[in-house]
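# Descriptive structure summary
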Amino acid sequence: MPKIINTQIFTVNAAGATFTVNDTDTFSEYVIGGAAALVANNSVIFGGTPLLNMNVRIRYEATCTNAGGTVTILGTVLNNVQMGQPCFADCNYNGTSWDVQVYADASSTGWIVSTDFSPGSVNTAAIANNAVTHAKYQTIADQTFLGNVSGGTTNPSALTVAQMQTALGVNSGYATVYYASITIPTASVLTLNATPLTIVAAPGAGLAIQVVSATASMTYNTTAYATSGVLNILSLGSVISQASLTANGFLFGTVTRNVSFEITKSATITDTQIGVNTPLIVQVGTGNPTAGDSDITVTVLYRILPI
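Because the structure is a prediction, the values reported are computed rather than measured.

Here the focus is the overall build of the protein chain. When helices and strands are tallied, the protein chain shows three helices and 24 strands. Whereas a compact globule of 307 residues would reach a radius of gyration of roughly 19 Å, the protein chain reaches 38 Å, over 25% beyond that. For the protein chain, the C-alpha atoms occupy an extent of roughly 110 × 45 × 40 Å along the three principal directions. Within the protein chain, counting contacts between residues at least 6 apart in sequence, those at least 24 apart form 69% of the total. A total of about 17,600 Å² of accessible surface is found on the protein chain, and carbon and sulfur atoms cover 55% of it.

So, in structure tokens, the structure goes:
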């Protein structure tokens, strides 16, 4: 049959209060209730002489905030989260002092914090597979990764792209290869000598762009380009290109094409080929093309070099 629990109720007081649990009490449970912004302490103390393994059960139903005061249960101070939500205190006398275990009511939120766990208190086997979804990870900034570049063992943190490049050993000199692409409409192809287009912006003082490889593609429309069809990728102001396509090799084509540029080699000791802090451009050599009505796309892989 149901059991009737004999209960003692204490009500918190903003100005402070002391509640006494006696060794002569006949209560099965004690309840702390009420709501207050505590400016002074509210304490549950024991009156009399506790016996070994004596147990006191306290149900905390108050809603309190710390305005300079706290709630103490048989020597244990509730933290600010515990003070503001339902919880239970299971108190056992060990012969010297009270062992007080405070645990959450099922309706509590924000209760468990990292300081509640000692290292290794929850082992891997205790965590179910797929227990945490990606959506529940801590958010990180755009273009960052999780990792460790501290040089020692530590918790992962958000790393920038530059830090990830350092960690992977691809952040300097010839190691890093970048990608750029530009789609050039027909109208711009027809003025591509007089008005070259930038595919990679100038990299900054003391730096230069070196083309590693490049491709061009064209979805043929109805009319081929004619005259001045040599397509070049070059540093602005340089005498010769870094990569080139002959007219018949690409622009003069009459079908849809995807082709690779040929990397140009410097021919004479006076050639200027790789410019310092200059943009990389796409240009048609020796005059603008005539006719033609197909858009083209140029894609380049390149490195940034210190010069």
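Turning next to the side chain of Gln283. Relative to the elements of secondary structure, Gln283 occurs in strand β22 (residues 280-284). At 2.9 Å, the side chain of Gln283 and the backbone oxygen of Asn193 are in polar contact. Excluding residues that lie within four positions of it along the chain, Gln283 makes contacts with Leu192, Asn193, Pro196, Val230, Leu231, Asn232 and Leu234.

Scanning all chains against the criterion turns up three salt bridges. In this structure, the salt-bridge partner of Arg59 is Glu29, at a minimum N-O distance of 3.0 Å. In this pair, Arg59 is assigned in strand β6 (residues 55-60) and Glu29 in strand β3 (residues 29-33), connecting sequence segments 30 residues apart. With relative accessibility at 23%, the residue Arg59 sits in the partly exposed group. Relative accessible area serves as the criterion here: at 6%, Glu29 is assigned to the buried category. Between Glu61 and Arg59 there is a salt bridge whose closest N-O contact spans 2.2 Å. We classify Glu61 as partly exposed; its relative accessible area is 43%.

The biggest cluster of nonpolar side chains holds 28 residues, and the ones touching the most others in it are Leu231 and Val298. Every element with two or more residues in this core is listed here: β14 (178-184), β15 (197-200), β16 (207-218), β18 (231-235), β19 (243-245), β22 and β24 (296-306). Ranked by residues supplied to this core, first place goes to β16 with five residues. In this structure Val298 touches Ala180, Ser181, Ile182, Ile184, Ile199, Thr215, Ala216, Leu231, Ile233, Phe261 and Val282, once residues within four positions along its chain are discounted. Of all hydrophobic cores here, the second largest spans 27 residues; its members include Tyr30, Ile32, Ala62 and Met83.

What counts and how
Residues numbered from 1 in each chain as written. Predicted model: local features only at pLDDT ≥ 70, side-chain atom pairs only at ≥ 80, totals over all residues. Heavy atoms only, no water. Helix = DSSP H or I, 4+ residues; strand = E, 2+ residues; numbered from the N terminus. Rg over C-alpha atoms; globule rule 2.2 N^0.38 Å. Contact = heavy atoms within 4.5 Å. Areas by Shrake-Rupley, 256 points an atom, 1.4 Å probe, with all protein chains shown as cover. Polar contact = N/O pair within 3.5 Å; in protein donor to acceptor, adjacent residues only side chain to side chain. Salt bridge = Lys/Arg side-chain N within 4 Å of Asp/Glu carboxyl O. Buried < 20%, exposed > 50% of the residue type's maximum accessible area, 1.4 Å probe, protein only. Core = buried A, V, L, I, M, F, W, Y, C linked by side-chain atoms within 4.5 Å.

So far we have only geometry, and geometry alone does not tell us how the molecule works.
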